Amino acid sequence: MSVAEQTSRAEIGPTAERAADLSDSRPSIQLKELSLSYRQGGSEFRVLERIDLALAQDEFVCVLGPSGCGKSSLLNIIAGYLKPTGGTVAIDGEAHIEPTPQVGVVFQHANLFPWLTVAGNVEFGLRMAGMSKKERKQQAAHYIEMVGLEAAASRLPHQLSGGMKQRTALARTLATGPRIVLMDEPFSALDAQTRESMQEHVRRIWEQTRRCFFFITHDVDEALLLGRRIIVMQPNPGRIVHDFRNPLFPDAETPDSRTLRSDHTFAELRRQLVSLIAGG
């Protein structure tokens, strides 16, 4: 049975049901009436306006939108790095206004400490949290194995490929036990083959951990391959215009990338998303 035959909805439209309304999972993070603006030369520049968003504790959410629509600003607000000018962010009902271990971030560049090995980088946050040497080595080893870097645990960053650096950064983030993992175009600097491999790694890690992943990307294919829920934003001001569950992922099982790409539903959804991002 094809993916198209397994889903009853393959069309993205203005009346599509909001994914948040379809979820039975308890919300971990809630954004209400979120706005962000700057004043420049006597004028106000609105970056984000009236963002309402609920993220369940086990979702994989991909965010798409043209440059300048506020995707990274939204991520930085959720991370606690940027303070909104209006609205609230809450984790389990508690106000979230600054960085916390509950929210982990993987950036576009791995930003590893060059003098530490893979294991040392993954252990760093645990050491800062006061975990004992034995415990942090065990926990780091678990996540290093999860991202498939056991053989490279003693290497320094300059001895790693781009994909291996990003896997190290992901293991470092996961090791501290965040409730939500924010990823800001983490694979954009990688070649096509490495990027596809990293997508498979992230899909498998999400399936194992079932943590909330909030993944920003410019790549429509990447969003369709990873996101169980896809959010589309538009600029001027930055706002959410579509929020829907990805019909390519049936509940029973997760199709592999080749199966997804070969189904005609993938091509149709891709066409619609490209049009939405372009403002069509």
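Residues numbered from 1 in each chain as written. Predicted model: local features only at pLDDT ≥ 70, side-chain atom pairs only at ≥ 80, totals over all residues. Heavy atoms only, no water.

### With respect to the overall build of the chain
Convention followed: Strands are runs of DSSP state E lasting at least two residues, helices are runs of H or I lasting at least four, and both sets are numbered from the N terminus onward. Burial classes follow relative accessibility: with a 1.4 Å probe on protein chains only, a residue under 20% of its type's maximum area counts as buried, one over 50% as exposed, and anything between as partly exposed. Residues are treated as being in contact if the distance between any of their heavy atoms lies within 4.5 Å. Only the protein chains shown count as cover for residues, and all accessible areas are computed by the Shrake-Rupley method using a 1.4 Å probe.
Each helix and strand counted, the chain has ten helices and ten strands in total. Split into buried and exposed, the 280 residues of the chain put 51% on the buried side. Long-range pairs, those at least 24 residues apart, make up 72% of the contacts in the chain with a sequence separation of at least 6. Total accessible area computed for the chain in this model is approximately 13500 Å², and 47% of it derives from carbon and sulfur atoms.

### Quick look at the environment of Pro157
Of note, Pro157 is situated in the loop between helix 5 (133-146) and helix 6 (162-175). Judged by relative accessible area, which is 9%, Pro157 ranks as buried. In this structure, the C-alpha to C-alpha distance between Pro157 and Ala110, residues 47 residues apart in sequence, is 9.6 Å. Look past the residues within four positions of Pro157 in its chain and what remains in contact with it is Leu112, Phe113, Pro114, Leu116, Asn121 and Lys165.

### Looking at the sheet that holds strand 6 (residues 103-106)
Definition in use: A pair of strands is labelled paired if DSSP reports no fewer than 2 bridges between them. Axis angles are defined between N-to-C directions and span 0 to 180 degrees, where every axis is a line fitted to C-alpha atoms and, for a helix, only to the segment in contact.
Spatial strand order, 6-7-8-3-9-10: six strands in an open sheet with mixed pairing. Looking at the sheet topology across the chains shown, the edges are occupied by strand 6 and strand 10 (239-245). Within this sheet the neighbouring strands show an average axis-to-axis angle of 20°, counted without direction. Relative to strand 7 (residues 180-184), strand 6 is paired through four bridges, and the arrangement is parallel. Bridging across to strand 7, Val105 finds its partner in Leu182.

### As for the nonpolar core
Formally: In these notes, a set of buried Ala, Val, Leu, Ile, Met, Phe, Trp, Tyr and Cys residues joined through side-chain atoms within 4.5 Å is what counts as a nonpolar core.
Counting residues in hydrophobic clusters, the biggest one holds 51 residues, and the most contacted among them are Met183, Phe213 and Leu273. Looking at this core, the element that brings in the most residues is helix 6, giving six residues. Ranked by size, the runner-up nonpolar core spans 28 residues in total, among them Leu53, Ala79, Leu182 and Ile231.

### Section: the pattern of salt bridges
Stated formally: Salt bridge, as applied in this entry: a Lys or Arg side-chain nitrogen positioned within 4 Å of an Asp or Glu carboxyl oxygen.
Within this structure, the stated rule accounts for 13 salt bridges. Across the pair Arg229 and Glu59 runs a salt bridge whose closest N-O atoms are separated by 2.8 Å. Taken together, the residues Arg229 in strand 9 (residues 229-234) and Glu59 in the loop between strand 2 (43-56) and strand 3 (60-64) connect sequence positions 170 residues apart. Here Arg229 matches Glu59 in class, with each residue buried. One salt bridge in this structure joins Glu200 and Arg203, with 4.0 Å as the shortest N-O distance. Taken as a pair, Glu200 and Arg203 lie in helix 7 (residues 192-209) at a separation of three residues, close to a single helical turn. Linked through salt bridges whose partners overlap, the residues forming this network are Glu59, Arg229 and Asp243.

### Brief notes about the environment of Trp206
Quick note on the threshold: In protein, a polar contact means a hydrogen-donor-capable atom and an acceptor-capable atom, both N or O and within 3.5 Å, with residues adjacent in sequence counting only if both atoms are side-chain atoms; elsewhere, any N or O pair within 3.5 Å suffices.
In this fold, Trp206 is placed in helix 7. Looking at Trp206, the relative accessible area reads 3%, which means it is buried. Along the primary structure Trp206 and Phe60 are separated by 146 residues, whereas in three dimensions their C-alpha atoms are 7.6 Å apart. Beyond its immediate chain neighbours, meaning those up to four positions away, Trp206 contacts Asp58, Glu59, Phe60, Arg211, Phe213 and Arg228. Among the polar contacts made by the side chain of Trp206, one reaches the main-chain carbonyl oxygen of Asp58 at a distance of 3.4 Å.

### Concerning the packing of helix 6 against helix 7
This is how the line gets drawn: Note on angle classes: values under 35 degrees are labelled roughly parallel, values over 145 roughly antiparallel, values of 65 to 115 roughly perpendicular, and the remainder oblique. Left-handed describes a crossing whose near helix is turned anticlockwise from the far helix through less than a right angle; right-handed describes the clockwise counterpart. Only Asp, Glu, Lys and Arg are considered charged, only Ala, Val, Leu, Ile, Met, Phe, Trp, Tyr, Cys and Pro nonpolar, and every remaining residue, Gly among them, polar.
Contact geometry of helix 6 with helix 7 gives a least axis separation of 10 Å together with a crossing angle of 20°. Compared by their axis directions, helix 6 and helix 7 come out roughly parallel. Along this stretch, helix 6 crosses helix 7, giving a crossing that reads as right-handed. On helix 7, the residues touching Gly163, Gln166, Arg167, Leu170 and Leu174 of helix 6 are Thr194, Met198, His201, Val202 and Ile205. Considered class by class, the residues forming the contact of helix 6 with helix 7 number five nonpolar, four polar and one charged.

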